[in-house]
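Listed here are the chains, written in short residue letters.
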Amino acid sequence: MASVGATPGRTPQGPRPREASASFPSPAPVPDPREAEEEEEEEPAEIHLCVLWNSGYLGIAYYDTSDSTIYFMPDAPDHESLKLLQRVLDEIDPQSVVTSAKQDENMTRFLGKLASQEHREPKRPEIILLPSVDFGLEISKQRLLSGNYSFIPDSMTATEKILFLSSIIPFDCLLTVRALGGLLKFMGRRRIGVELEDYNVSIPILGFKKFALTHLVSIDQDTYSVLQIFKSEPHPSVYKVASGLKEGLSLFGILNRCRCKWGEKLLRLWFTRPTQDLEELNSRLDVIQFFLLPQNLDMAQMLHRLLGHIKNVPLILKRMKLSHTKVSDWQVLYKTVYSALGLRDACRSLPQSIQLFRDIAQEFSDDLHHIASLIGKVVDFEGSLAENRFTVLPNIDPEIDEKKRRLTGLPSFLTEVARKELENLDPRIPSCSVIYIPLVRAGGLASFFVFPACLPWWRPVTLRLRVWTSCSSQRRSFTIVVLEPRSWMHCWGTCTATSGVAKAVNNATERSLVLIDEFGKGTNTVDGLALLAAVIRHWLALGPTCPHIFVATNFLSLIQLQLLPQGPLVQYLTMETCEDGNDLVFFYQVCEGVANASHASHTAAQAGLPEKLIARGKEVSDLICSGEPIKPVKELLKEKQMENCQMLVDKFLKLDLEDPSLDLDIFMSQEVLPAAATIL
């Protein structure tokens, strides 16, 4: 599993003003020419941002000249209004924004609005459009892997360089990789930071770091998979296998009780972008707490029914724009508008101290009532269903009524035209058929969801959370090493494989949460123990900047050999157990301390292993722990001796002394003496 790390949101700072001198009066100092030159050489930091938007996801990367570092944000979901991108722009304030010239309507509208902000403080960024070929996936990977980076030793081979960069850059995030490739292309063209140097001087890049907004918690895809927050699986129906995947047994699937697709999208967005904003979290908890009250159950059920009629309004409007509207679309739009009005009226009767109710009451204006009234007065739903096409009620528009009368009388008119044409038909044509085809037809308001009362919701007292892991079926003991955090977590991840631990070591900060399970068990015991101890000691050496780490391991020697330093950052935890005679009782709770045994014999007995083998295993384990030699079992030796004696007797009985080809010397040396050696 891969771990994640993050660099907290940071805003580049310009040159600080010089501090005031001492309070004693003194003559004006004469400036040192060298100091004046240094001040003139100082330049404000520049940030160049590259962004890509595709299928509801953002890929973001930017270069900061103050520390010559490239920061990236893994592919993140965003609204069509690009709220996440706007937050990134507000936080880092870039000098230029680089993107592909081939963009969809939402991104084009956003960039146009950004370029028109003349009064933006301190100034609006420069919009730079590069050809879409500069953002190709393969060419972007090639730029990243072939770059000349000062933080990579020259002694590294090409394979080692790829492995090292893979532990830092998420190559599985395609938009991020393309954004990084486009950013490197732009930096190479502009010669950022080396404008006045020769072309053989490369652009200084001192590292790649993960960037996360200060209000978000960053979680990598491996963590989502390990914790089973999302789990996609093929659809069981053979008719829907090609249409895509469905959500399996996951935390999202359990909590998803949304009545409309927009609510489901919003819930997924909350899971993929967890927030640290206390105000936003409290506003959500206010709604949950309100609907969990028994007296509000009827209101929750009514809102639940209304939400079932909220459909995809933007899709319907798009069909109307393309003249592909069906009768069912008008019905859905009509029900959606009236359901939205019902939601608004219900929310206006609820406490306005809750932010969600206040927003719905304000955003759902009386224009919705006007729209619903117009649809009801104009659309002839009964006639539309009967004719299977959109029809308008009479007396709405005289011109439409006149065209409808013409359309109604069109069959008799065309029949008369056909009769006249037949009269004027060439007499050489014996017969003719005229066919008449009457008509050939060519062809959101808000996102809500209601939490059901059947789920065990509760409102936390504080935002701080401590997570305890447990062993599989409580049948194997382990020790959890907890490194106490110094601040609230900002990102988290899980680690099992070496590559995952490498990502954690390279990216984890003091605001990261790292979960390590059985690291080092897939190799030699001594090597695995040494690697685990080295990784933990590396983080402990960071002191106050040490990340928040949970380590689950069966390496009891890690504590017995005192491979970890003692200090306030380290805490040892284990699962509480008790031996009742020959039985082992699990209490299924975490306690402070260290596991003094693996309890493998108890686990083997529960698995059904014979008692004789379990007893022999205990005996061998005790001999190894005491340093004594392991002796074979006497009973087994006696049984083996009897078998060898019987085999030797059988050989003598089968011996034919009258056989002239028999050589007794060979028989004694090859048959009797080896068998006798095993017996004696």
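This structure is a prediction, so every number in the text was calculated from the model and none was measured. (Residues numbered from 1 in each chain as written. Predicted model: local features only at pLDDT ≥ 70, side-chain atom pairs only at ≥ 80, totals over all residues. Heavy atoms only, no water.)

## Quick notes on the confidence of the model for the protein
Mean pLDDT for the protein: 77, with 80% of residues reaching 70 or above. Below a pLDDT of 50 lies the segment residues 1-31, which in the model reaches 72 contacts outside its immediate sequence neighbourhood of four places, other chains included. Low pLDDT (under 50) marks residues 36-40, which in the prediction has one contact with non-local residues, meaning those over four places away or in another chain. (pLDDT = per-residue confidence, 0-100. Contact = heavy atoms within 4.5 Å.)

## Some remarks on the side chain of Thr 176
Relative to the helices and strands, Thr 176 resides in helix H6 (residues 174-190). Of the polar contacts made by the side chain of Thr 176, one reaches the side chain of Asp 75; its length is 2.7 Å. (Helix = DSSP H or I, 4+ residues; strand = E, 2+ residues; numbered from the N terminus. Polar contact = N/O pair within 3.5 Å; in protein donor to acceptor, adjacent residues only side chain to side chain.)

## Some remarks on the environment of Leu 513
Residue position: Leu 513 is located in strand S12 (residues 512-517). For Leu 513, a relative accessible area of 3% translates into the label buried. Between the C-alpha atoms of Leu 513 and Ile 549, which are 36 residues apart in sequence, the distance is 5.7 Å. (Buried < 20%, exposed > 50% of the residue type's maximum accessible area, 1.4 Å probe, protein only.)

## Some remarks on a nonpolar patch on the surface
Together, Leu 422, Leu 425 and Ile 429 give the surface a local cluster of nonpolar side chains, amounting to about 220 Å² of exposed area. By secondary structure assignment, the location of Leu 425 is in the loop between helix H18 (410-423) and strand S10 (479-483). Classification of Leu 425 as partly exposed rests on a relative accessible area of 31%. (Patch = residues over 30% accessible without salt bridge, like charges linked within 9 Å, V, L, I, M, F, W, Y side chains within 5 Å. Areas by Shrake-Rupley, 256 points an atom, 1.4 Å probe, with all protein chains shown as cover. Salt bridge = Lys/Arg side-chain N within 4 Å of Asp/Glu carboxyl O.)

## Comments concerning the packing of helix H12 (residues 313-321) against helix H13 (residues 327-348)
In the contact formed by H12 and H13, the axes pass within 10 Å of each other and the chain directions differ by 140°. As far as their axial angle goes, H13 and H12 are oblique. Between H12 and H13 lies a crossing of left-handed hand. When H12 is examined against H13, the residues Val 313, Ile 316, Arg 319 and Met 320 are found in contact with a partner set consisting of Asp 329, Trp 330, Val 332, Leu 333 and Thr 336. A class-by-class count of the residues in the contact of H12 with H13 yields six nonpolar, one polar and two charged. (Axes fitted to C-alpha atoms, helices over the stretch in contact; angles between N-to-C directions. Parallel < 35°, antiparallel > 145°, perpendicular 65-115°, else oblique. Left-handed = near helix turned anticlockwise from the far one by under 90°. Nonpolar A, V, L, I, M, F, W, Y, C, P; charged D, E, K, R; others polar.)

## Here's the deal with unusual backbone geometry
Phi at Ser 68 is positive, roughly 55°, even though this residue is not glycine. Here Ser 68 is to be found in the loop between strand S2 (57-64) and strand S3 (69-77). The exposure class of Ser 68 is buried, given its relative accessible area of 13%. Positive phi outside glycine occurs at Leu 82, with the angle close to 60°.

## Concerning the packing of aromatic side chains
One pass over the structure, following the stated rule, counts 16 aromatic pairs. Between Phe 151 and Phe 164, the ring centres sit 6.3 Å apart and the planes meet at 45°, which makes this aromatic pair tilted. Remark: Phe 164 occurs in helix H5 (residues 158-166) and Phe 151 occurs in the loop between helix H4 (137-146) and H5; sequence separation between them is 13 residues. Between Phe 290 and Phe 291 the ring centres are 5.4 Å apart and the planes differ by 75°, which places this aromatic pair in the edge-to-face class. In terms of burial, Phe 290 and Phe 291 fall into one category: buried. Looking at Arg 268, its charged tip hangs above the ring of Phe 252, at a distance of 4.4 Å from the centre. Over the face of the ring belonging to Trp 270 we find Arg 284, whose NZ or CZ atom lies 3.6 Å from the ring centre. (Phe/Tyr/Trp six-rings, centres within 6.5 Å; stacked < 30°, edge-to-face > 60°. Lys NZ or Arg CZ within 6 Å of the ring centre and 35° of its normal.)

## Focus: helix H23 (residues 611-626)
The terminal C-alpha atoms of H23 lie 23 Å apart, and with 16 residues this matches the ideal 22 Å at 1.5 Å per residue to within 8%. Once H23 finishes, Gly 627 follows within two positions and takes phi at roughly 80°, a positive value. (Expected span 1.5 Å × (residues − 1).)

## Side note on the sheet that holds strand S1 (residues 47-54)
Read from one edge to the other, the open sheet built from six strands follows the order S5-S4-S1-S2-S3-S6, with strand pairing classed as mixed. Each edge of the open sheet is held by one strand with a lone partner, namely strand S5 (126-130) and strand S6 (208-210). Mean inter-strand twist for the sheet, computed between neighbouring axes without regard to direction, equals 25°. Where S1 lies against strand S4 (residues 96-100), three bridges are found, and the strand directions are parallel. Across the sheet, the residue bridging to Cys 50 is Val 98, located in S4. (Pairing = 2+ DSSP bridges.)

## Re the pattern of salt bridges
Summed over the entire model, instances satisfying the criterion amount to 13 salt bridges. Its salt-bridge partner being Arg 273, residue Asp 78 comes within 3.6 Å of it at the nearest N-O pair. Taken together, the residues Asp 78 in the loop between S3 and helix H2 (83-92) and Arg 273 in the loop between helix H9 (261-272) and helix H10 (278-291) connect sequence positions 195 residues apart. According to the relative accessible area criterion, Asp 78 is buried, its value standing at 8%. On the basis of relative accessible area, Arg 273 is assigned to the buried category, the value being 17%. Ionic contacts of the salt-bridge type, sharing partners, join the residues Arg 344, Asp 345 and Asp 366 into one network.

## Quick word on the pairing of S3
The buried count for S3 comes to eight of nine residues, which makes it a mostly enclosed element. Linking two consecutive strands that pair antiparallel, namely S2 and S3, is a turn of four residues; a positive phi of about 55° is found at Ser 68 within it. With three bridges connecting them, S3 and S6 associate as parallel partners. When the bridges of S6 are listed, Phe 72 appears paired with Lys 210.

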